[in-house]
Amino acid sequence: MSNIIKLKTLLLTPLIKFAVKHPGIMETKIFMKAMIIFPAKLSKSYDAKIVAGINDYEMALDSGLARINSEPEIILDLCTGTGFAAFKIAKLFPVAMIDAVDQSKEMIEIAREKAKVDGIQNIHFKKGNAIKLEYADNEFDFIATSNAPIYLSEAVRVLRPGGLILVAYSFGGDAFGKAKKIISHYLEMNGLKLLEIKSIGSGAYVLGEKK
Ligand SMILES: C[S@@+](CC[C@H](N)C(=O)[O-])C[C@H]1O[C@@H](n2cnc3c(N)ncnc32)[C@H](O)[C@@H]1O
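All values reported here derive from a predicted model rather than from experimental measurement. (Residues numbered from 1 in each chain as written. Predicted model: local features only at pLDDT ≥ 70, side-chain atom pairs only at ≥ 80, totals over all residues.)

1. Considerations on the packing of helix H2 (residues 29-51) against helix H5 (residues 105-118)
In contact at an axis separation of 7 Å, H2 and H5 are set at 30° when each is read in the N-to-C sense. Classified by the angle between their axes, H2 and H5 sit roughly parallel to one another. Here H2 contributes Pro39, Ala40 and Ser43 to the contact with H5, which in turn contributes Glu106, Met107 and Ile110. Of the residues that constitute the contact of H2 with H5, the class distribution is 4 nonpolar, 1 polar and 1 charged. (Axes fitted to C-alpha atoms, helices over the stretch in contact; angles between N-to-C directions. Helix = DSSP H or I, 4+ residues; strand = E, 2+ residues; numbered from the N terminus. Parallel < 35°, antiparallel > 145°, perpendicular 65-115°, else oblique. Contact = placed C-beta atoms within 7 Å. Nonpolar A, V, L, I, M, F, W, Y, C, P; charged D, E, K, R; others polar.)

Following this line, the structure appears as structure tokens:
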């Protein structure tokens, strides 16, 4: 088994399956510490090993983005990493202003370099913490996040009423279908209406709308 398949099978998939049922894990100190240590270590090889190295990595996000039938103008990609979702969104909504936030300076540096090389000007990569965002309430028309912890109440705070949020994962997809009730309740508790949960390939996406 290659290291990437081991990482996906032994760590990422079980972690996502657990977090779907126990979202509180993402706020534990140990989890948050791991989220600082690993991205710094993985940043340089992230695109080659994770994004390109894992089958179906793009499927859930692509399918979720295909469900957005409005034209959001102000968009936030949370926990952008090397910009995986932000670059797709910029292609899909070329006139939108996109902020892409990550707490890892190493990841953000790589994302900025990619934007520079590709001449992409409508994504602003910023260092920031998804738990406490430096935005006013109701700023964004659309928020996306992919393969990252989700701090829903803070994301919902900065989303405008009627705005959409898309949460996509490339692994652990079957857990989402099985946890529909829990997920729906979690969204409701945070002021969101569940529009769709879909398991697809190895992953899944959840689409919600702010009430
Ligand atoms: C597995 S990577 C996913 C990157 C990208 N969204 C993707 O789908 O490839 C998770 C990212 O979440 C970021 N992250 C984790 N916790 C965060 C937080 N509290 N605030 C901001 N970024 C965070 C990490 O730094 C890392 O870059």
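Next comes the rest of the write-up.
2. What to know about the environment of Glu196
Here Glu196 shows up in strand E6 (residues 192-200). Between the C-alpha atoms of Glu196 and Leu207, which are 11 residues apart in sequence, the distance is 5.1 Å. Dropping the residues within four chain positions of it, Glu196 is found in contact with Arg67 and Leu207.

3. Examining the nonpolar core
If you look at the biggest cluster of nonpolar residues, it comprises 56 residues, and the most contacted ones within it are Ile89, Ile143, Ala155, Leu166 and Tyr205. The element contributing the most residues to this core is strand E5 (residues 159-169), with 7 residues. Contact partners of Ala155, with chain neighbours within four places excluded, come to Leu78, Ile143, Ile150 and Ile165. (Core = buried A, V, L, I, M, F, W, Y, C linked by C-beta atoms within 7 Å. Buried ≥ 20, exposed ≤ 12 C-beta atoms within 10 Å, placed from the backbone.)

4. Digging into the site of the ligand
If you check the shell around the ligand, you find 19 residues, and the closest are Pro39, Cys79, Gly81, Ala130 and Ser146. Sorting the residues of the shell around the ligand by element identifies H2 and helix H4 (84-92) as the ones contributing at least two each. For the shell around the ligand, the leading source of residues is H2, giving 3 residues. Here the residues of the shell around the ligand are counted per class, giving 11 nonpolar, 7 polar and 1 charged. (Near = placed C-beta within 6 Å.)

5. Considering helix H1 (residues 3-21)
With 19 residues, H1 extends 27 Å between its outermost C-alpha atoms, agreeing within 8% with the 27 Å of an ideal straight helix rising 1.5 Å per residue. In H1, a bend of some 30° at Leu12 exceeds every other bend along the element, and Pro14, a proline, comes one to four places later. Buried residues of H1: Lys8, Leu12, Thr13 and Val20, and no others. (Expected span 1.5 Å × (residues − 1). Bend = angle between axes of the 7 residues up to and from the residue.)

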